[in-house]
Amino acid sequence: MNNSTGCSANATVCDGASCVVTASNFNNILSVVLSTVLTILLAMVMFSMGCNVEIKKFLGHLKRPWGICIGFLCQFGIMPLVGYILSVAFNILPVQAVVVLIMGCCPGGTASNILAYWVDGDMDLSVSMTTCSTLMALGMMPLCLLIYTKAWVDSGTIIIPYDNIGTSLVALVVPVSIGMFVNHKWPQKAKIILRIGSITGAILIVLIAVVGGILYQSAWIIAPNLWIVGTIFPVAGYSLGFILARIAGQPWHRCRTVALETGMQNTQLCSTIVQLSFNQEQLNQVFTFPLIYSIFQLAFAAMFLGIYVVYKKCYGKNKEEFPEIKDNETVSESSPSRVNEGFQPQEK
């Protein structure tokens, strides 16, 4: 291999300065082992998150799905459109544009549930949004890809792994349902499980990022404009989700929830679709984008969490300066707006 391109000596797929190193047997074994461990840990974390979900409030979101509808609009309306605009604006290659759009069409990731807990979001809404977006992805992903990718490629060439989506749905619904049952029967024990699970979830998010770096340690240099798209995309999702939720009259804690559910995508599903849909030469140009998006969506989410914690410490002691405390106290628990909280008056 000619190293004049800047590629590693064991890189087998090169295109100019962009290279990918073929996975070793060690990486394959490590991938299987760590995937199994992470799946088990994720199920345990989602069980603990379910311990913070109240059955009555969860069913309330399903009966009056205003918050879920906002999330649906953000997930399958805003994100694919933002992906399309970014692809055109930065003039990336057609195959790269398709991958950006695949990312935009993916449902929300389970990491959003963990982060929603840490930012004092609405866990009932968070879990219902993730569940509904994963379920609706079975039909909305092919539709969005048909609409947006026809400018670059025949959407029929993109393989949607419905079995993976179904597995994600089961892996989310089952542990959360068990957690909801535990919270209903033994609320005190559920609080202990929740505290342990929230810490484990934070560790798990960091672990997933580290594992991604280990498994995809390849000497590659990707086009700068794709790095820029991967940086802007999650920030746009968080920001637009928050703004739309606030315009719709949602209180602050639900705005944070919708923002996280919008910007935090299921990057594992995107990686699976990419690997199933493209040949090795095309993978060389696009395979690292889901990893780039994953890194920046976690980095910016951690940044937003840090800002919120600082804000809470500075202003949380004074209820007059902490708007959402006023929201929670002034809205009656029994009123329909408390269940759905749509189009409430703006605070002055």
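Report follows, based on the coordinates. These numbers were taken from a predicted model, which means no experiment stands behind them.

### Examining the packing of helix 11 (residues 267–277) against helix 13 (residues 289–315)
Relative orientation and spacing of two packed helices are given, respectively, by the angle between their axes and the distance between those axes. For the pair helix 11 and helix 13, the least separation of the axes is 9 Å and the interaxial angle reads 170 degrees. Here helix 11 lies roughly antiparallel to helix 13, going by the angle between them. For the pair helix 11 and helix 13, the contacting residues are Thr267, Cys270 and Ser271 in the first and Pro290, Tyr293, Ser294 and Gln297 in the second.

### Some remarks on helix 10 (residues 252–263)
With 12 residues, helix 10 extends 17 Å between its outermost C-alpha atoms, agreeing within 8% with the 16 Å of an ideal straight helix rising 1.5 Å per residue. Burial analysis of helix 10 places 11 of its 12 residues in the buried class, the great majority of the element. Taken residue by residue, helix 10 has His253, Arg254, Cys255, Arg256, Thr257, Val258, Ala259, Leu260, Glu261, Thr262 and Gly263 as its buried positions.

### Re the packing of aromatic side chains
Evaluation of the coordinates by the stated rule reveals 10 aromatic pairs. For the pair Phe72 and Phe76, a centre-to-centre distance of 5.6 Å together with 55 degrees between the ring planes defines the contact as tilted. Here the residue Phe72 and the residue Phe76 both occupy positions in helix 3 (residues 66–89), the gap between them amounting to 4 residues, near one helical turn. Look at Phe233 and Tyr293: their rings are 5.4 Å apart centre to centre, the planes differ by 85 degrees, and that puts the pair in the edge-to-face class.

### Considering the pattern of salt bridges
Per the counting criterion, the structure on display carries 2 salt bridges. With a closest N to O distance of 2.6 Å, Asp120 and Lys312 form a salt bridge. Of the two residues, Asp120 sits in the loop between helix 5 (111–118) and helix 6 (123–149) while Lys312 sits in helix 13, which places them 192 residues apart along the sequence. The class of Asp120 is partly exposed, set by a relative accessible area of 31%.

### Notes on the side chain of Thr257
Relative to the assigned elements, Thr257 resides in helix 10. A polar side-chain atom of Thr257 sits 2.8 Å from the main-chain amide nitrogen of Asp122. Sequence-distant contacts of Thr257, defined by excluding residues within four places in its chain, comprise Gly121, Asp122, Leu125 and Ser126.

### Notes on the nonpolar core
Across soluble globular proteins, you tend to see nonpolar side chains buried next to one another. In terms of nonpolar packing, the biggest core is built from 69 residues, with Ile102, Phe233, Phe278 and Phe289 touching the most fellow members. Considering each element in turn, this core owes the most residues, 10 residues, to helix 6. With residues near it in sequence (within four places) discarded, Phe289 still touches Val99, Val100, Met103, Leu226, Val229, Gly230 and Phe233.

How each quantity is defined
Residues numbered from 1 in each chain as written. Predicted model: local features only at pLDDT ≥ 70, side-chain atom pairs only at ≥ 80, totals over all residues. Heavy atoms only, no water. Axes fitted to C-alpha atoms, helices over the stretch in contact; angles between N-to-C directions. Helix = DSSP H or I, 4+ residues; strand = E, 2+ residues; numbered from the N terminus. Parallel < 35°, antiparallel > 145°, perpendicular 65-115°, else oblique. Contact = heavy atoms within 4.5 Å. Expected span 1.5 Å × (residues − 1). Buried < 20%, exposed > 50% of the residue type's maximum accessible area, 1.4 Å probe, protein only. Phe/Tyr/Trp six-rings, centres within 6.5 Å; stacked < 30°, edge-to-face > 60°. Salt bridge = Lys/Arg side-chain N within 4 Å of Asp/Glu carboxyl O. Polar contact = N/O pair within 3.5 Å; in protein donor to acceptor, adjacent residues only side chain to side chain. Core = buried A, V, L, I, M, F, W, Y, C linked by side-chain atoms within 4.5 Å.

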